[in-house]
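Per-entry structural report
If you want the building blocks of each chain, they are given just below.
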Number of protein chains: 4
Amino acid sequence: MVVAFKHYYMNKRGFASDNNSGVSPEVIEKIIEANNGHVIAYGDDPYTTRAIELFKKHFGESAVPFFVFNGTGANTLAISAINRSFNSVICAASAHINVDECSAPEKFSGCKLIPIETPDGKLTPELIEPHITGIGFEHHAQPKLISISQPTEMGTVYKPDEIKELSACAHKHQMALHIDGARLANAAVSLGLPFKTFTTDSGVDILSFGGTKNGLMGAESVVFLNNKFSENFKYIRKQGMQLASKMRFISAQFIAYLENDLWERNAKNSNNMAQLLYKKICQFDEIKITQPVEANGIFAIVPEKIIEPLLQEYFFYAWNEKKNEFRWMTSFDTKEEDIEGFCDTIKKHL
Amino acid sequence: MVVAFKHYYMNKRGFASDNNSGVSPEVIEKIIEANNGHVIAYGDDPYTTRAIELFKKHFGESAVPFFVFNGTGANTLAISAINRSFNSVICAASAHINVDECSAPEKFSGCKLIPIETPDGKLTPELIEPHITGIGFEHHAQPKLISISQPTEMGTVYKPDEIKELSACAHKHQMALHIDGARLANAAVSLGLPFKTFTTDSGVDILSFGGTKNGLMGAESVVFLNNKFSENFKYIRKQGMQLASKMRFISAQFIAYLENDLWERNAKNSNNMAQLLYKKICQFDEIKITQPVEANGIFAIVPEKIIEPLLQEYFFYAWNEKKNEFRWMTSFDTKEEDIEGFCDTIKKHL
Amino acid sequence: MVVAFKHYYMNKRGFASDNNSGVSPEVIEKIIEANNGHVIAYGDDPYTTRAIELFKKHFGESAVPFFVFNGTGANTLAISAINRSFNSVICAASAHINVDECSAPEKFSGCKLIPIETPDGKLTPELIEPHITGIGFEHHAQPKLISISQPTEMGTVYKPDEIKELSACAHKHQMALHIDGARLANAAVSLGLPFKTFTTDSGVDILSFGGTKNGLMGAESVVFLNNKFSENFKYIRKQGMQLASKMRFISAQFIAYLENDLWERNAKNSNNMAQLLYKKICQFDEIKITQPVEANGIFAIVPEKIIEPLLQEYFFYAWNEKKNEFRWMTSFDTKEEDIEGFCDTIKKHL
Amino acid sequence: MVVAFKHYYMNKRGFASDNNSGVSPEVIEKIIEANNGHVIAYGDDPYTTRAIELFKKHFGESAVPFFVFNGTGANTLAISAINRSFNSVICAASAHINVDECSAPEKFSGCKLIPIETPDGKLTPELIEPHITGIGFEHHAQPKLISISQPTEMGTVYKPDEIKELSACAHKHQMALHIDGARLANAAVSLGLPFKTFTTDSGVDILSFGGTKNGLMGAESVVFLNNKFSENFKYIRKQGMQLASKMRFISAQFIAYLENDLWERNAKNSNNMAQLLYKKICQFDEIKITQPVEANGIFAIVPEKIIEPLLQEYFFYAWNEKKNEFRWMTSFDTKEEDIEGFCDTIKKHL
């Protein structure tokens, strides 16, 4: 959980969240391009058709994407697509769906979440198996979905083989595997692999694929990689309040993201900047990095004395207040000078 | 209910829906302006602060607005803000919440909708009173909210006195009055009155105020005019999957809409174009206009023979298929030439 | 809707509701018989096995019954068994599920109810067809279930052919047909037909079959007649809070009801008593019977002057307060002397 | 979680569950007594009035009880009475609401459950406090209720001081304290204290009070001890499908239970029999008792070789299959000879 120390740090690039950043210029351009006359609302338009083609290019022909507004919507509706209300979802205790959605999954799907403690945000079959119990026993919510975050909320990244093990585990138990891919581009860049390799080709059934945290304005999606589950999803999306009337403007963002290499350029920058920040922070003996830096998040335990002065100049969130552990996120627009400024400020107060 | 005859009519301005139109250039400009560095996500940013000020200017100091993604979200969450699950909502049978939300209000709020048949989409205390029954009787869902659409789905507009009578009726029964104002600007222009007069000052408790149908990209809101209901709404919005991370880009749209007169200019154009279309259609004896044209919608019964040929060139929706009744909507970007082209096509096929 | 005039009329047999009556002695006997040592809880016991056999005897081998606590539970869970949350239920406006369940069906299933006005509580394909619209259109809750009450809330009874027409209508549209059979025994006796004829053999898919109103203590059921829908129902019942731990005591009631002819004897008495009451009431010119008396309910418009004095001596419910229309129900334990006493009291006050 | 090894052990008293036992004769007598003519349905009857008086005698004048069908209903509706859907419930990981209700609480209330691992099923403020986080932060389900089981699912019993500490912890954070008292009588007998001392007088706000596991047929209740929460509960109970029409037969059970000392006699017998079983089992060195025996449950790790033969003669449930840990429950009707028979069988197979 993340508690805000409230301030405005007007328009200054910082390390609080990739959600605090703005939008890549290419995205605005595509929006302007799509702003041309009338097209049918709710997705029956050529921009959405084009965006769907691009999803199929990146995730394979079997991919059936549905565009939605935000990550809470994508995750909650993905769960509702797979599960009936008497099913349960196995996830890491640190998962966004467990910690940061204000119980939206439980409310909308009726399902129980089974949170599992992990050292680094990553689930394994060994951690999961003991929780697949009570099958056929009506008193027990029936496990039906394993949900992982890629990269995890701790900034760690699953290897394709780890994902294959999880999908095998899920399928062995007639369950499905879901990825919360709000930052999937950062994982792809970290792995140096195309999306398809560690999603469709690794047995993932359903994916929340987001672009908002990587330079889009507000464009997320539920992608069925194994399309047996997609049949009724159009109704679930509408009833779930996630069907955009002027859909073309979400689709235009995904066109900008996926047509050329914007997703990759943006994620590369934020991952690279995270590495740079990591290296510079390592020079401060008083600061302890607590997780491997594999995507664009850095977790660090910070000396008490610098917290308040640092927060005067940079807004960011506590990850674990009791341990003085904080989270710093780099972003598609982070510049070297931002990292230098931040590290200089740290140095000044140490 | 509206059934689609499917086609693409690529980028050609038509009369199917104001949702089919694009975005006013001023909106894009404000979005670009807001795309400046980092600000705190989820609404704790200066653009949202400014947009909230503008809502207070238009709806009064008591107004507490919350921005959401779409109309389904605004209406469903407004109901959930006022009602507990054992309450019911009295609405016109033609109301969007009853017909066009795929049961999103029932699913999320748990409430029953009490649909009332009306000739013109407008509720009155006389129509409502017989349905306020079973108060205190636990077998009966307890009426708690009256919901009206302004303008109605039939394109008719409530006068302030009619709204005052409805709010008096609601308050007499310890109920609240909600307006679905997805096209509220069209009503304001039609009445020639500021928003506040026929909302806050007419006893309305809660409002879904939308801009998407009038030239915004995707910006809707739940506005508490009587703020005793707003306390927990931030949780309801988040759990309802309607909290935008990059909120500033919704807020920027509302700034463009409300800071100058964009809302008014756009609504005036669509209302004026509806009047022009109405006048021109009246010249065709074979076409029967079925509702007063008070906002930007025209309802017309059309001879069988012209339906197919007309739909070949213009996409639009049936309102009542059995009666060959269709709905034509004008929009902020409708031009005189569009109406001439449409009427020429009608003429050709009559 | 039914509004209570509150009083106690301690242990006096009246005509307010068959729910006000007690329990047949045979039922108590079977409960005592089942109260023997330990058996496995939640239905895995020989009494439940026996009761299920009896259901199969009466409804056919395909019948799969699940026992629940009450009618609200049976109806709400039956809807949830057939529908997903984006589906709708077509029912009479007078249906118990629409009027008297405090929105339990909407809350638990998420579905919309489509209430249809009827003169006598009976639906027909002609009344239903116009409401089967918007199929495949994601904005519209998708009709999936037709629900009828047999007998209706107005005390009228569907003939088998009428039910066959309704099931044909449902199946033509890939929908299912549900009967709310809270008083199904009264219908069977009225028709002089075995249950199976006008349920399973008439194409009914799912049935709420109740005994509580006809001499049981508290025993209702959801019966799948077309068992393709029953697969997950054990989870729905448990999650729906309707799984009894000491199930044997519900099962024992159904054994008493169905093993011999208790269901028939009880229903015959109440139907016969309704006919007797009907005949006697017909002698009062000032009282107008408003519905055919086909089961155990009588609906009558009563002169204003006798209402209050009559309610001083007999508790009963208004059906339509505005019209001074009241409902009188006979019951399994109604005696001729009760009817005479009631009619004498009416006479006295007329 | 409890997995069933399926068999019938027809009418033989065993140690599988207190739910497998039948009904005290006094209960049947009271039911027969209440089976007298007509009374108003749904609880407006003299038996219910009398039962409510008895609750007030045992729990204090402030107690407002509502009768329901089963424990799942009582717990789920208690949560819904206190919480809005964006709230969370803190409970032991072993709690019945977390493990054995098939996600009924999540489905009906929309709330998240926060399960906390405990050694013995008992929560403490120290265990709870770290989970009361994110207050006011809209991304986080807001903790509102602490729910404990008394006795716990492990058969341990909270002392009044422990409950006072928990209620103080709850109230300090504007939360409420709920007891799942499905076996509250066993706790009262174990503590040697009246119910009121360790509920109302210890700051408990709301209670699920059950009798079914202690000799009743099917009678549970939600009791508001701090009545500020009870206002709307009648609607919640009805919408929650837990309102009995022939309520008098639930009330009669509670009269039998509370009017004299039936609750106490029954619980004393089962607690005493648990002590006897405990003592006898202690003589077997190969069997390891894993929890203090404070109520009527015994948890034991059993040698592999005796499991199958023992299950041939006695049905009971595994508590932790991996560890060969089983649960044995004594009951109101357990006799010394039953324990001797069971221990002889164990001895034979060891």
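For the structure itself, consult the block above.
These numbers were taken from a predicted model, which means no experiment stands behind them.

Here the focus is the interface of chain A and chain B. Taken together, the contact between chain A and chain B spans 63 residues of the former and 63 residues of the latter. Buried surface at the junction of chain A and chain B, both sides included, amounts to about 5,400 Å², of which 57% is carbon and sulfur. When residues of chain A are sorted by the area they lose upon contact with chain B, H38(A), M241(A) and K246(A) head the list and together hold 17% of the total. Taken together, the connections running from chain A to chain B amount to two salt bridges. Scanning the region where chain A abuts chain B turns up 46 residue pairs in polar contact (both at pLDDT 80 or more). Of all elements in the fold, only helix 1 (25–34), helix 2 (46–59), helix 3 (71–82), helix 5 (104–109), helix 9 (233–239) and helix 10 (248–259) of chain A reach the threshold of two or more residues within the side of chain A that touches chain B. Considering each element in turn, the side of chain A that touches chain B owes the most residues, four residues, to helix 3 of chain A. Along the lines of polarity and charge, the residues of the side of chain A that touches chain B split into 26 nonpolar, 24 polar and 13 charged.

A word on the interface of chain A and chain C. Chain A puts 20 residues into the contact, and the matching count from chain C is 20 residues. For the pairing of chain A and chain C, the buried interface totals around 1,900 Å² over both sides, and the portion due to carbon and sulfur atoms is 52%. Contact with chain C buries area across many residues of chain A, yet F86(A), E138(A) and Y235(A) alone supply 37% of it, more than any other trio. In this structure, the connection of chain A to chain C is made through two salt bridges. Across the contact surface, chain A and chain C share 14 residue pairs in polar contact (both at pLDDT 80 or more). It is helix 9 of chain A that provides the largest number of residues to the side of chain A that touches chain C, a total of six residues.

So, on to the relation of the copies chain A and chain B. After a rotation of 180 degrees and a shift along the axis of 0.0 Å, chain A superposes on chain B with an RMSD of 0.0 Å. The two molecules are tied by a two-fold rotation axis, judged by turn and shift. Most of the interface of chain A is mirrored in chain B, where 100% of its interface residues are also at the interface.

Turning our attention to the side chain of K246(D). Here K246(D) lies in the loop between helix 9 (233–239) and helix 10 (248–259). The buried charged residue K246(D) lacks any salt bridge, with D333(C) as its nearest oppositely charged partner at 7.9 Å. Here T212(C) takes part through its backbone oxygen, which lies 2.7 Å from a polar atom of the side chain of K246(D). Apart from the residues within four sequence positions on either side, K246(D) is in contact with D18(C), N19(C), S21(C), G22(C), T212(C), G215(C), L216(C) and M217(C).

Right, let's get into helix 12 (residues 304–313) of chain A. Residues and elements named next belong to chain A. Where helix 12 is concerned, the buried positions are I306, I307, L310 and L311. Along helix 12, the residues classed as buried sweep out an arc of 125 degrees about the axis, all on the same side. For helix 12, the elements touching its buried residues are strand 12 (325–329) and helix 13 (336–349).

Conventions adopted
- Residues numbered from 1 in each chain as written.
- Chains lettered and ligands numbered in written order.
- Predicted model: local features only at pLDDT ≥ 70, side-chain atom pairs only at ≥ 80, totals over all residues.
- Heavy atoms only, no water.
- Contact = heavy atoms within 4.5 Å.
- Buried area = accessible area lost by both parts, 1.4 Å probe.
- Salt bridge = Lys/Arg side-chain N within 4 Å of Asp/Glu carboxyl O.
- Polar contact = N/O pair within 3.5 Å; in protein donor to acceptor, adjacent residues only side chain to side chain.
- Helix = DSSP H or I, 4+ residues; strand = E, 2+ residues; numbered from the N terminus.
- Nonpolar A, V, L, I, M, F, W, Y, C, P; charged D, E, K, R; others polar.
- Least-squares fit on C-alpha atoms with pLDDT ≥ 70 in both.
- Buried < 20%, exposed > 50% of the residue type's maximum accessible area, 1.4 Å probe, protein only.
- Lys, Arg positive; Asp, Glu negative; His and termini not counted.
- Arc of directions from axis to C-beta.

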